[in-house]
Amino acid sequence: MSTIMREALMPIPVLYSPDDVRRLAAEGKALLIDVRDKKDFDAGHIAGAVNMPDIFTYLAETTQDGLATLQRTFASLFAEYGLDGKKTAIVYEDALHTRYGASCRGYWILRYLGYPSVGILDGGLSAWRRAGGTFTTETTTPVRTEFPLGINGDLMATYEDVMAALRSGGVKLLDNRDRVEWLGDSSSPYGVDFAPRKGRIPGAVWIEWYDFMKVTDNHASFRDAAEIRALAASRNLHPDDDIIIYCFKGARAANTYVALTAAGFTRLRIYMGSWNEWSRNSALPIEDGLPKAAAPYSGR
Ligand SMILES: O=S(=O)([O-])[S-]
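Residues numbered from 1 in each chain as written. Predicted model: local features only at pLDDT ≥ 70, side-chain atom pairs only at ≥ 80, totals over all residues. Heavy atoms only, no water.

Undergrad: Help me understand the overall build of the protein chain, please; the structure alone is not making it clear to me.
TA: The helix and strand inventory of the protein chain stands at eleven helices and twelve strands. Here the C-alpha radius of gyration of the protein chain, 19 Å, is about what a compact globule of 300 residues would show, namely 19 Å. Each principal axis of the C-alpha atoms in the protein chain carries an extent, and together these give about 55 × 40 × 35 Å. Here the protein chain, with 300 residues, has 55% of them falling under the buried criterion. Taking contacts inside the protein chain between residues at least 6 apart in sequence as the whole, the part at least 24 apart equals 77%. (Helix = DSSP H or I, 4+ residues; strand = E, 2+ residues; numbered from the N terminus. Rg over C-alpha atoms; globule rule 2.2 N^0.38 Å. Buried < 20%, exposed > 50% of the residue type's maximum accessible area, 1.4 Å probe, protein only. Contact = heavy atoms within 4.5 Å.)

This is the structure we're talking about:
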C-alpha cells in the first residue's frame, strides 16, 4: 500500500506512509510513539519519538477494575508523553509482522481512550528505512499535558461480553493467534506453559494474523480490501457481522482489527483480556484438543 489507506469504506486515515509521517513531524503536528523495547529505542529511533514499550507488554483484564486500571494507566502515560489531543499520534514498531501487532495495539488503545487523531506508520521502521528515513539516538523530553480522555466503549469486549456471545450465538468470535496456540500446543507467545490452559474459546473460527498481510523482501503490508474480505468470508465472516477478535493479549487482534476495518468491517470489538485472561479463569469454558472447527458452544 503506497500511502494513507484510502479505501472508500475507511474515511479516517489509519496507515501513514513514511512521507506522511515526515511531513506531519516537520510541521510539528505529530507525536511519534515507538513501542519497541527500550534497548532497541536507545540504539536508534525516529527523531522526536517517545518510547512506550508498555503499549505492547501491558496485560489487560476486562473486569470493571481491570478496565479502570487500563484507562488510568494509559491516560496517564499518554499525558506524560505530551498527547494533548491536537497532535496526531503516530505509533510505530519494527515492521507490521514482527512484534505481534504492537503498533496496532497502540493505535487501538488510543482509539479506545477516545484520542481524536491517531495513525500507524505503515510498514514500521522497515518502511521508514527503505524510504531513506534517518535515525537518532538523541532523546526528547516530553512536556506533560492533559490527555483528552473519552472512552469509546464500543471497541472493547469484556470476558462477560464473550460469555454472552457464546450463549446468544449472535456474535462471531475470531481467534487470530499463531497456529501452535490455536492447536493447543502452546498457551502463549511467551512460552508453552506461560498461561495455565491451552486451547481456544469454544465456537471461535481461526485465521492466523499473518494471513492478513503479504511479505515481500521482509517487508510486510496489509493485503488489499478484496483479498481480506475473501479471506474472512472463507471462515464465514462478513463485513456486517458483529465480531469479537481475540489473541493472547490483544496485539495481534489489533493488527487484524486494522486489516478488517480497512476492508469495510464495521462491528468489530477486541477482547483485550484475550487468552491471557480467559485461560486463567477456570470458570470460563475452553475447547482443548484438536479444534472442532467452530462447533457452536454447547454449554448455554
Ligand atoms: O499478540 S499478543 O498480544 O497475543 S502477544
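Read on for the rest.
Undergrad: Quick question: what am I supposed to make of the packing of helix α4 (residues 64–80) against helix α5 (residues 102–112) here?
TA: Helix-helix packing: each pair is described by the crossing angle between the helix axes and the interaxial distance. One way to put it is that α4 packs onto α5 with a least axis distance of 11 Å and a crossing angle of 105 degrees. The angle between α4 and α5 falls in the class roughly perpendicular. Residues Leu67, Leu70, Gln71, Phe74 and Phe78 of α4 lie in contact with α5, whose contacting residues are Ile109, Leu110 and Tyr112. Of the residues that constitute the contact of α4 with α5, the class distribution is seven nonpolar, one polar and no charged. (Axes fitted to C-alpha atoms, helices over the stretch in contact; angles between N-to-C directions. Parallel < 35°, antiparallel > 145°, perpendicular 65-115°, else oblique. Nonpolar A, V, L, I, M, F, W, Y, C, P; charged D, E, K, R; others polar.)

Undergrad: Explain the site of the ligand here, please?
TA: If you check the shell around the ligand, you find Tyr100, Pro189, Cys247, Phe248, Lys249, Gly250, Ala251 and Arg252 and nothing else. The separation between an oxygen atom of the ligand and a polar main-chain atom of Lys249 is 3.1 Å. Within the backbone of Ala251, an N or O atom sits 2.9 Å from an oxygen atom of the ligand. Considered on its own, the ligand offers 210 Å² of accessible surface; in the complex 100% of this is hidden by protein. Mapping the ligand onto the cavity grids shows that it belongs to the largest cavity. Here the residues of the shell around the ligand sort into five nonpolar, one polar and two charged. (Near = heavy atom within 4 Å. Polar contact = N/O pair within 3.5 Å; in protein donor to acceptor, adjacent residues only side chain to side chain. Areas by Shrake-Rupley, 256 points an atom, 1.4 Å probe, with all protein chains shown as cover. 1 Å grid on protein atoms, 1.4 Å probe; cavity = no way out; pocket = protein on both sides within 12 Å on 5 of 7 lines; lining within 4 Å. Sits in = over half its atoms within 2 Å of the grid points.)

Undergrad: Looking at this structure, I do not really get the environment of Leu260. What am I missing?
TA: Following the sequence through the fold, Leu260 ends up in helix α10 (residues 251–262). For Leu260, a relative accessible area of 1% translates into the label buried. Taking C-alpha positions, Leu260 is 20 Å from His219, a pair spaced 41 residues apart along the chain. If we ignore the near neighbours within four places in the chain, the residues touching Leu260 are Leu174, Phe212, Ile228, Ala232, Ile245, Phe265 and Leu268.

Undergrad: Quick question: what am I supposed to make of unusual backbone geometry here?
TA: Apart from glycine, the bulk of residues carry a negative phi angle, and the bulk of peptide bonds sit in the trans form. At Asp217, a position not held by glycine, the phi torsion is positive, near 50 degrees. Taking the relative accessible area as the measure of exposure, Asp217 reaches 68% and is therefore exposed. Of note, the phi angle at Asn236 is positive, near 65 degrees, even though the residue is not glycine. As for its placement among the helices and strands, Asn236 is situated in the loop between α9 (225–233) and β11 (243–246).

Undergrad: Would you take a moment to explain the packing of aromatic side chains for this structure?
TA: Aromatic rings considered in pairs are described by the distance between their centres and by the relative angle of their planes. For the structure shown, the criterion picks out twelve aromatic pairs. Where Tyr100 meets Trp209, the ring centres are 5.9 Å apart and the plane angle is 20 degrees; that geometry is what we call stacked. Of this pair, Tyr100 sits in the loop between β4 (88–92) and α5 while Trp209 sits in the loop between β8 (205–206) and β9 (213–216), and the two are 109 residues apart along the sequence. Tyr100 gets classed as partly exposed once you look at its relative accessible area, which sits at 25%. Trp209 sits in the buried class, given a relative accessible area of 1%. When the ring of Trp182 is compared with that of Trp206, the centres are 5.8 Å apart and the planes differ by 5 degrees; the resulting orientation is stacked. Residue Trp182 is located in helix α8 (residues 179–182), and its partner Trp206 is located in strand β8; the two are separated by 24 residues in the primary sequence. For Trp206, a relative accessible area of 13% translates into the label buried. One aromatic cluster in this structure is built from Tyr58, Phe74, Phe78, Tyr115 and Phe147. Arg22 extends its terminal NZ or CZ atom over the ring of Trp128, reaching a point 5.3 Å from the ring centre. (Phe/Tyr/Trp six-rings, centres within 6.5 Å; stacked < 30°, edge-to-face > 60°. Lys NZ or Arg CZ within 6 Å of the ring centre and 35° of its normal.)

Undergrad: Can you help me understand the UniProt feature "domain: Rhodanese" (unreviewed entry) in the protein chain in this one?
TA: Per the UniProt record, "domain: Rhodanese" (unreviewed entry) is annotated on residues 26–137 and 167–287. With 41% helix and 14% strand, residues 26–137 has end C-alpha atoms that lie 18 Å from one another. (UniProt positions renumbered as here; feature names shortened; annotations may be inferred.)

Undergrad: Got a minute to help me understand the pattern of salt bridges in this structure?
TA: Any two side chains of opposite charge can pair, so long as their charged atoms come close to each other. Scanning the entire structure with this criterion turns up 20 salt bridges. Taking the shortest distance from any N to any O, the salt bridge between Asp193 and Lys198 comes out at 2.8 Å. When its relative accessible area of 57% is taken as the criterion, Asp193 is described as exposed. Judged by relative accessible area, which is 27%, Lys198 ranks as partly exposed. Here Glu287 and Arg200 are joined by a salt bridge, their closest N and O atoms 2.4 Å apart. Here Glu287 is found in the segment after α11 (274–278), whereas its partner Arg200 is found in the loop between α8 and β8, with 87 residues between them in sequence. The buried category is assigned to Glu287, whose relative accessible area is 7%. Through salt bridges with shared partners, one network takes in Asp37, Lys39, Asp40, Asp94 and Arg99. (Salt bridge = Lys/Arg side-chain N within 4 Å of Asp/Glu carboxyl O.)

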